[in-house]
Amino acid sequence: MTIALNVTHSFLGQPWRWRGGGADARNPGYRPDDLVTQLLLARGCPREGVEAHRNPTIRHFMPDPSLFRDMDAAADRLADAVQRSEDVRIFGDYDVDGATSAALLIRLLRDIGLTARPYIPDRLMEGYGPSGEALVRLAGEGATLIVTVDCGAQAFEALAMAKRAGVDVVVVDHHKCATDLPQALALVNPNRLDEAPEAAAHGHLAAVGVAFLLGAALIRTLRARGWFAARPEPALMELLDIVALGTVADVAQLKGLNRAFVAQGLKVMAKRRNIGLAALIDASRLSRAPLCHDLGFALGPRINAGGRVGKADLGVRLLTTGDPAEAARIAEELDRLNEERRAIEATVQEQAEELLERQGNRAVAIVAREGWHPGVIGIVAGRIKEKVGRPAIVVALDEQGIGKGSGRSVSGVDLGAAVLAAKDSGLLVAGGGHAMAAGLTIAADKMDALADFLDDRLAGAVARARDGRALLLDAVLAPGGVNPDFVSAIEAGGPYGAGWPAPLVAAGPMRVVKADVVGNGHLRAVMAGDDGRSIKTIAFRQAESALGQAILAAPRDRRLWVAGRAKIDDWGARPAAELHLEDAAWAD
């Protein structure tokens, strides 16, 4: 990739490069469709697949569910439960992916004719994943089938206890698996090590995506058994709004089937047929149909707040209720809990950064402290990762010296595999995850040993990731080109998210007209270009960074390039465009 705009060392100390050759919207021959095609190609879309990716559909990207190991066995067992009216429980993780996975299966089974009940473990009291005690208790209450969603791939002891108790367990998961598998009647997971290549290619699915495939397999099985001869088939596609929410909130890569899930799910969500989601949209103060980034930054955090600092089952209850009054009450409570979560997170973030300053240059930044709320450590780990440019793990220690940790990684560094290896080596009580995120349980006296282990295993990958760091640009515009029409044009290449990054555009050359600090350390600036046009810019949480300080101190007569994401600012009477800054550099 070639250097863009001659920027070899930006304010944030990185080169700028063209992601896929670049596009100059100042060129008289530029057309929006040309840029959209380039955006698709630069993100790995094959040339012959441009039209399919421009409008991703489920029909085009959906695999045969039977490709996946144990899928048919899982669908057969669920079909038996439906026909026998068995007591089925859906055991979900307490995050958004777990809540949406559980809600999808509960709503689907309800439409088919079976009432399944959720069980969401308490984060603080029970921890992650199924415990043997909980599974045995559910069996004692009469459950004959338990389906775990977004957890269970590493639950060896718990599933062995369930088997001894005589209850069948189907595992629906997407986290990394070990060579050996726990004792489940069926374990559906595209990340099983024994999966065929065609199924393993879908390893980027969130658990809710795997649950959707199981739902399709279940409908097909019941159809073959004649179950729908006297009753209507459920509208599985109407549950895509839930699938989209879980996929984006779990930061799953938006490629292939996931792109179709989100693109089509947003259309379903705009219809507001899910009473709970409609209430959540209202509680989030969104006055328009949600966009992709709203799922990750407005709706997802509120669902998560129930599992982080409130009642673990609030998200599932919201997504499955048919009562508008109950939906409004739960949505309001989740909104309140989200504000509480933000306050807790800010305190942990400040303390974690203080500890970080005293840490050496480890391959993985690891900070731990007693008293931190386990419900926010994953968010804080993500913030630290962004700040230091390498993987980060934040551990909340309890009074007994046992820590619950959450990690976030950078592109090119498989943190989940490293944590699983640390568990296998005896350093962790429990642990697992996927490439970009992981969770663990560790004794406090093993913290240094874990840091050493991760240094040995990941130092090379982290160094390569940091050496290859660059800001990848998709286009360059004059300031007047940052307008609503341009934003609409690039949105046609979406949805954007993990694995399908939103376009970064450079604008300039420009001068800083005014700049100030707003909110919680955000930099706001108005820039004017040689074309006589000005644009509004904002750099979130960058006021104290090298980027923020350079812009605040920039001479009014010196020109610069700015780079970021073009967004619609719809707060005024008429929509306008603004640039959310990622970096800047001198233009002369």
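Residues numbered from 1 in each chain as written. Predicted model: local features only at pLDDT ≥ 70, side-chain atom pairs only at ≥ 80, totals over all residues. Heavy atoms only, no water.

Enquirer: Tell me what's going on with the sheet that holds strand β4 (residues 145-149), and back it up with residues and numbers.
Expert: The strand order across the open sheet built from 5 strands is β3-β2-β4-β5-β6, with neighbouring strands paired in parallel fashion. Among the strands making up the open sheet, the edge pair consists of β3 (117-119) and β6 (186-188). Along the sheet, successive strands turn relative to each other by an average axial angle of 20°, direction set aside. Sheet analysis places strand β2 (residues 88-92) next to β3, joined by 3 bridges and oriented parallel. Its bridge partner being in β3, I90 is matched across the sheet by P118. (Pairing = 2+ DSSP bridges. Helix = DSSP H or I, 4+ residues; strand = E, 2+ residues; numbered from the N terminus. Axes fitted to C-alpha atoms, helices over the stretch in contact; angles between N-to-C directions.)

Enquirer: Can you tell me about the nonpolar core, naming the residues and giving the values?
Expert: In terms of nonpolar packing, the biggest core is built from 124 residues, with I90, L104, V147, I303, M527, I551 and V562 touching the most fellow members. Counting residues per element, this core draws most heavily on helix α9 (residues 207-224), at 11 residues. In contact with L104, not counting residues within four places along its chain, are V208, A211, F212, L239, I242 and V243. Counting residues in each nonpolar core, the second largest holds 24 residues, with V410, A451, L458 and A461 among its members. (Core = buried A, V, L, I, M, F, W, Y, C linked by side-chain atoms within 4.5 Å. Buried < 20%, exposed > 50% of the residue type's maximum accessible area, 1.4 Å probe, protein only. Contact = heavy atoms within 4.5 Å.)

Enquirer: Lay out the pairing of β4 with the relevant residues and their values.
Expert: Among the 5 residues of β4, 5 are classified as buried, and the element is accordingly described as predominantly covered. The pairing of β2 with β4 spans 5 bridges and is classified as parallel. Each bridged residue has a counterpart across the sheet, and for V88 the counterpart in β4 is L145. Once you follow β4 into helix α7 (residues 156-164) and on to strand β5 (residues 168-172), the crossover reads as right-handed. (Right-handed = clockwise from strand over helix to strand, strands pointing away.)

Enquirer: Quick one: what's the story with the side chain of R19, residue by residue and with numbers?
Expert: Topologically, R19 is positioned in the loop between β1 (16-18) and α1 (32-42). By relative accessible area, which is 15% here, R19 ends up buried. Among the polar contacts listed, one links the side chain of R19 to the side chain of D474, at a separation of 3.3 Å. (Polar contact = N/O pair within 3.5 Å; in protein donor to acceptor, adjacent residues only side chain to side chain.)

Enquirer: Give a detailed account of the packing of aromatic side chains, specifying residues and quantitative values.
Expert: Counting across every chain of the model gives 3 aromatic pairs. Their ring planes at 75° and their centres at 5.0 Å tell us that F11 and W586 sit as a pair that is edge-to-face. Linking F11 in the segment before β1 with W586 in strand β18 (residues 576-586), this pair joins segments that are 575 residues apart in sequence. When its relative accessible area of 14% is taken as the criterion, F11 is described as buried. Taking the centre distance of 5.2 Å and the plane angle of 70° together, the rings of F212 and F261 count as edge-to-face. Of this pair, F212 sits in helix α9 while F261 sits in helix α11 (residues 257-270), and the two are 49 residues apart along the sequence. Note on accessibility: F212 and F261 belong to one class, buried. Between R231 and the ring centre of W227, over which it is positioned, the NZ or CZ distance is 3.8 Å. R558 extends its terminal NZ or CZ atom over the ring of W586, reaching a point 4.1 Å from the ring centre. (Phe/Tyr/Trp six-rings, centres within 6.5 Å; stacked < 30°, edge-to-face > 60°. Lys NZ or Arg CZ within 6 Å of the ring centre and 35° of its normal.)

Enquirer: So what's going on with helix α4 (residues 71-84)? Residues and values would help.
Expert: In this model, α4 (14 residues) spans 20 Å end to end at C-alpha, consistent with the 20 Å of a helix rising 1.5 Å per residue. When α4 is considered as a whole, its buried residues turn out to be M71, A74, A75, R77, L78, A79, A81 and V82. As for α4, its buried residues are in contact with β2, α5 (96-112), β4, β5, β6 and α9. Once α4 ends, the next one or two residues include S85, with phi positive near 55°. (Expected span 1.5 Å × (residues − 1).)

Enquirer: I'd like a description of unusual backbone geometry, backed by residues and values.
Expert: Each neighbour pair has its own omega, and for G494 with P495 the value is 5°, a cis peptide bond. Within the fold, P495 resides in the loop between α19 (484-491) and β14 (505-518). The omega torsion across G508 and P509 is -10°, close enough to zero to call that bond cis. On the secondary structure map, P509 appears in strand β14. With a phi angle near 60°, R272 is a residue other than glycine that sits in the positive phi range. Note on placement: R272 falls in the loop between α11 and α12 (275-283). By relative accessible area, which is 40% here, R272 ends up partly exposed.

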